[in-house]
Amino acid sequence: MPRKIVERPQPIEYLSILDWTGKVDRKLEPDIPEETLKTIYRAMLFCRLFDERTLQLQRQGRIGTFAPIKGQEAAQVAAVVQLKPTDWFIPSFRETAAQIYRGLTPQDVWLFYAGYNEGVRVPDDKHDLPLCVPVASQCQHAVGIAYASKYKGTDEVTMVFHGDGATSEGDFHEAMNFAGVYQLPVIFVCQNNQWAISIPRERQTRSKTIAQKAIAYGFGGIQVDGNDPLAVYVAAREAIERARSESMPTLIECVTYRLGVHTTADDPKRYRRDEEVKEWEKKDPIPRFEKYLKAKGVMTDEDFAGLREEIRDELKRAWKETEAKIREFEAGSPDVIFDHIYAVEPPELAEQRAYFLERIKREGRPDA
Ligand SMILES: Cc1ncc(C[n+]2csc(CCOP(=O)(O)OP(=O)(O)O)c2C)c(N)n1
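From a predicted model like this one, the values you see are computed outputs, not experimental measurements. (Residues numbered from 1 in each chain as written. Predicted model: local features only at pLDDT ≥ 70, side-chain atom pairs only at ≥ 80, totals over all residues. Heavy atoms only, no water.)

(A) Quick look at empty space enclosed by the protein. What the rule picks out here adds up to one cavity of 30 Å³ or more. If you add up the space inside the largest cavity, you get close to 60 Å³. Phe93, Glu95, Thr96, Gln99, Leu104, Asp108, Val109, Phe112, Tyr113, Gly119, Val120 and Leu131 together form the lining of the largest cavity. For the lining of the largest cavity, the secondary-structure elements that each account for two or more residues are helix H3 (96–101) and helix H4 (106–113). Ranked by the residues each element gives to the lining of the largest cavity, the list is headed by H4, at four residues. Counted by class, the lining of the largest cavity contains seven nonpolar, three polar and two charged residues. (1 Å grid on protein atoms, 1.4 Å probe; cavity = no way out; pocket = protein on both sides within 12 Å on 5 of 7 lines; lining within 4 Å. Points joined across faces, edges and corners; volume = space filled by probe spheres on them. Helix = DSSP H or I, 4+ residues; strand = E, 2+ residues; numbered from the N terminus. Nonpolar A, V, L, I, M, F, W, Y, C, P; charged D, E, K, R; others polar.)

(B) Region of the structure containing the side chain of Asp164. In this fold, Asp164 is placed in the loop between strand E3 (158–163) and helix H6 (170–181). For the buried Asp164, no salt bridge is present, and the opposite-charge side chain at shortest range is Arg201, 6.4 Å distant. In contact with Asp164, not counting residues within four places along its chain, are Cys190, Gln191, Asn192, Asn193, Gln194, Trp195, Ala196, Gln204 and Ile210. (Buried < 20%, exposed > 50% of the residue type's maximum accessible area, 1.4 Å probe, protein only. Lys, Arg positive; Asp, Glu negative; His and termini not counted. Salt bridge = Lys/Arg side-chain N within 4 Å of Asp/Glu carboxyl O. Contact = heavy atoms within 4.5 Å.)

(C) A look at the site of the ligand. The immediate surroundings of the ligand are formed by 15 residues, with Arg94, Gly165, Ala166, Trp195 and His262 found nearest. Between an oxygen atom of the ligand and a main-chain N or O atom of Ala166, the distance comes to 2.9 Å. Between the ligand and Trp195, the relevant distance is 2.9 Å, taken from an oxygen atom to a main-chain nitrogen or oxygen of the residue. Within the complex, 70% of the 580 Å² of free accessible area of the ligand lies under protein. (Near = heavy atom within 4 Å. Polar contact = N/O pair within 3.5 Å; in protein donor to acceptor, adjacent residues only side chain to side chain. Areas by Shrake-Rupley, 256 points an atom, 1.4 Å probe, with all protein chains shown as cover.)

(D) Molecular detail of unusual backbone geometry. One non-glycine residue, Ala136, lies in positive phi territory at about 80°. What makes Ala136 buried here is its relative accessible area of 1%. Of note in this structure, Ile197 is not a glycine but carries a positive phi near 50°. Tracing the chain through its elements places Ile197 in the loop between strand E5 (195–196) and strand E6 (199–200). Judged by its relative accessible area of 41%, Ile197 falls in the partly exposed class.

(E) How the structure looks around helix H12 (residues 301–331). Taking 1.5 Å per residue, 31 residues should reach 45 Å; H12 reaches 46 Å between its end C-alpha atoms and fits that length. Residues Phe304, Leu307, Ile311, Leu315, Ala318, Trp319, Thr322 and Ile326 constitute the buried set of H12. Packed against the buried residues of H12 are helix H1 (34–59), H4 and helix H11 (285–295). (Expected span 1.5 Å × (residues − 1).)

(F) Broad picture of the sheet that holds E3. Overall, parallel pairing links the six strands, which are arranged E1-E7-E8-E4-E3-E2 in an open sheet. At either end of the open sheet lies a strand with only one pairing partner, and these are strand E1 (13–15) and strand E2 (88–90). Across this sheet, the average inter-strand angle for adjacent strands is 20°, counted without regard to direction. In the sheet, E2 pairs with E3 via three bridges, with the strands oriented parallel. Within E3, the residue paired with Phe89 across the bridge is Met159. Lying over the sheet, H6 contacts E3, strand E4 (186–192) and strand E8 (250–255), oriented at roughly 150° with respect to E4. (Pairing = 2+ DSSP bridges. Axes fitted to C-alpha atoms, helices over the stretch in contact; angles between N-to-C directions.)

Here's what the structure looks like:
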């Protein structure tokens with residue numbers, strides 16, 4: 001027979017449990033302990049307030065440019081909350097909520113954006129990687145780590161985050177292929193926030209979903225409402241289980257929205273409509289989760305307000321500490337910019353460092 005269907009196309013599942021009005025699908029609602037629900041909420045709110053404060057600091061010129069996460073808190077926190085500390089967490093540059101949940105402090109993040117490498121130094125006992133700016137390159141790191149975990153026979157799972165734009169990069173496809181061929185315990189979490197700087201989702205790919213790209217590589221993909229912490233939690237739970245017990249990868253597409261700027265160097269008014277943003281503001285994961293927690297009797301309005309105050313105070317203290325650290329670093333020698341580049345400094349860099357120090361001696365510090 002010259003023509004036939006080789007295989008029936010695999011359908012892609014879409015999962016949503018808590019809609020934006022606060023209505024829950026009782027049949028799908030996961031049984032999450034109250035303490036975990038509160039932990040997820042606190043982490044989401046913490047990062048929303050952290051994000052607002054970081055934007056102010058950047059606008060005041062106290063730190064450099066950064067990528068805000070406003071709107072993507074549920075997709076990040078509810079995905080990582082079930083990882084063990086020994087599992088591997090690999091972020092891109094927009095996973096501050098997940099990074100902070102995994103143990104990075106606001107002081108670390110601010111120090112990094114103020115220009116100090118000390119802020120991205122991950123303690124040796126942690127199974128986390130520093131943020132990755134080259135789009136999709138972290139997918140390669142993730143499959144390498146997952147391959148090592150499988151080779152060593154550990155039960156570690158690797159979770160890597162990337163954007164919708166990253167799915168157009170060769171690195172993403174190579175990583176997906178490698179994960180499928182070697183059946184690696186890795187979970188790709190795509191934060192489909194609808195925009196890759198000024199490129200909208202519909203110009204990124206002709207595929208109907210991003211999740212379906214997993215089919216081509218021989219494993220499962222699922223699309224979830226990324227602003228619904230319950231749906232993200234369930235999809236992550238299933239993917240972690242599949243990775244841990246069957247050593248099989250999964251691609252989770254979290255349909256979410258970047259409510260703010262791409263980075264603080266960007267002006268989205270030049271390419272996207274305000275009405276679009278307003279529509280997505282209605283689907284904001286934080287008020288949605290508050291409605292759920294209130295209806296369930298887990299938290300009250302007073303609890304929400306109290307928590308906001310507590311977090312604001314914590315952030316105030318954290319910035320004071322960060323400023324003190326910055327002053328301490330500033331008092332040091334500016335040739336610190338040559339540190340942490342190579343484990344062993346190559347001769348040309350040593351020459352540049354010596355020239356720089358000599359010039360400072362002659363002409364004074366450039367920042368004085
Ligand atoms: C390899 C590479 N190419 C281009 C860039 C410039 N760049 C930075 S972010 C970005 C868009 C990324 O979009 P997406 O993957 O959807 O993630 P988002 O920023 O929306 O979270 C681009 C093109 C880069 N950092 N790395």
